[in-house]
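Structural overview for review
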Amino acid sequence: MSSMAREIMAFILTTSGWVLVSSTLPTDYWKVSSIDGTVITTATFWSNLWKTCVTDSTGISNCKDFPSMLALDGYIQVCRGLMIAAVCLGFFGSIFALVGMKCTKVGGPDQTKARIVSFAGFNFVCTGLCSLTACSLYAHRITSEFFDPMYVAQKYELGAALFIGWAGSTLCILGGAVFCLSLFEGMSSRCFWSLRDDDDVVCSSSPYPSDRKAFVNGGVSLMSRAPPQSQSSHAKRPPPEIITPPQQFDKNAYV
């Protein structure tokens, strides 16, 4: 799979996970309990991070907001902070991912885009961890109260919002991990030689096509600029001149 297709797949995963995490925050059913009558359910109690409600058999709901933030239980305050942090981190992660992906025209050269998309992946991993921690903490409180024989108040069960939050957290962590692979690819040492006017050796650590093109161009340049062979040792010597010695004639030759 090419790096561009992998980044698109990671963006779909992380965006879907962020949408699920964001929808979990205002969802009603974080914990739910019901009182059954002889034939039908007479009342359903449910609660989330912001209010607690009861719905009777006729479908009429009566809700009560939590009176004061300072009077809340500590685990609800922690879950609120973690979920809000997850939504904010996912928002900025989406922006950085759009800027750093190779299929977009912004973000600068390929090496800079690889760093940006890796930072986006880090944001999405933090998003998943924050949401996963909040949902797990809330679920732990529900289960500990449910199985505590000394707890005599209304007992609740896990609501649908927790499962949605866990699913969104998993998608964010998986997609963010795929985004972070772009940084490890960019750090892989791939060096190439290029002959320039000043005879410099250039080493590049980016696996992107632009650098591969530079590698090919550098090889062609190296072959085209090969120094000519020396002619001093292989030049053919001209044939020696034949010098005819002067002939000497006897004095009777002119008679």
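Whatever comes next refers back to the structure up there.
Turning to its location among the elements, Lys-31 is positioned in strand β1 (residues 31-36). Residues in contact with Lys-31, not counting those within four places in the same chain, are Phe-45, Trp-46, Ser-47, Tyr-75, Tyr-138, Ile-142, Tyr-156, Glu-157 and Gly-159.

Once that is clear, we can look at the environment of Ser-144. With respect to the helices and strands, the residue Ser-144 is situated in helix α3 (residues 110-146). On the basis of relative accessible area, Ser-144 is assigned to the partly exposed category, the value being 33%. Residues Ser-144 and Lys-155, spaced eleven residues apart in sequence, show a C-alpha to C-alpha distance of 10.0 Å.

The subject of this paragraph is the pattern of salt bridges. Taken as a whole, this structure holds one salt bridge when the rule is applied. For the salt bridge of Glu-145 with Arg-141, the shortest nitrogen-to-oxygen distance reads 2.9 Å. Placement of both Glu-145 and Arg-141 in helix α3 is noted, with a separation of four residues, approximately one turn of the helix. On the accessibility criterion, Glu-145 (15% relative accessible area) is buried.

Let us look at the environment of Ala-10. Tracing the sequence through the fold places Ala-10 in helix α1 (residues 3-24). A relative accessible area of 0% means that Ala-10 is categorised as buried. In sequence terms Ala-10 and Gly-121 are 111 residues apart; their C-alpha atoms lie 8.8 Å from each other. Setting aside chain neighbours within four positions, we find Ala-10 in contact with Gly-175, Val-178 and Phe-179.

Below, the discussion takes up the state of the cysteines. As enumerated under the stated definition, the model contains one disulfide in all. Covalently, Cys-53 is tied to Cys-63 through a disulfide, its sulfur atoms 2.0 Å apart. On the S-S bond that ties Cys-53 to Cys-63, the torsion sits near 115 degrees, and the link is right-handed. Of the two residues, Cys-53 sits in strand β3 (residues 51-56) while Cys-63 sits in strand β4 (residues 61-65), which places them ten residues apart along the sequence.

In terms of nonpolar packing, the biggest core is built from 19 residues, with Trp-30, Leu-49, Met-83, Tyr-138 and Leu-162 touching the most fellow members. Residue assignment for this core shows that the elements contributing at least two residues are α2 (74-100), α3 and α4 (160-187). It is α3 that contributes the most residues to this core, six residues altogether. If near-sequence neighbours (up to four positions away) are discounted, Met-83 is found in contact with Val-21, Thr-24, Leu-25, Trp-30, Leu-49, Ser-131 and Ala-134.

Here the focus is the packing of aromatic side chains. Taken as a whole, this structure holds nine aromatic pairs when the rule is applied. Where Tyr-29 meets Trp-46, the ring centres are 5.2 Å apart and the plane angle is 50 degrees; that geometry is what we call tilted. With a gap of 17 residues between them, Tyr-29 in the loop between α1 and β1 and Trp-46 in strand β2 (residues 41-47) connect regions that are remote in the sequence. On the accessibility criterion, Tyr-29 (38% relative accessible area) is partly exposed. Accessibility expressed as a relative area gives 4% for Trp-46, which makes it buried. Each ring, one from Tyr-75 and one from Tyr-138, has its centre 5.6 Å from the other, and the planes form 50 degrees; the classification is tilted. Placement of Tyr-75 in helix α2 and of Tyr-138 in helix α3 is noted, with a sequence separation of 63 residues between them. Residue Tyr-75 shares its accessibility class with Tyr-138, and that shared class is buried. One aromatic cluster is present, formed by Trp-18, Phe-91 and Phe-92 through successive ring pairs.

Scoring rules and cut-offs
- Residues numbered from 1 in each chain as written.
- Predicted model: local features only at pLDDT ≥ 70, side-chain atom pairs only at ≥ 80, totals over all residues.
- Heavy atoms only, no water.
- Helix = DSSP H or I, 4+ residues; strand = E, 2+ residues; numbered from the N terminus.
- Contact = heavy atoms within 4.5 Å.
- Buried < 20%, exposed > 50% of the residue type's maximum accessible area, 1.4 Å probe, protein only.
- Salt bridge = Lys/Arg side-chain N within 4 Å of Asp/Glu carboxyl O.
- Disulfide = S-S within 2.5 Å.
- Core = buried A, V, L, I, M, F, W, Y, C linked by side-chain atoms within 4.5 Å.
- Phe/Tyr/Trp six-rings, centres within 6.5 Å; stacked < 30°, edge-to-face > 60°.

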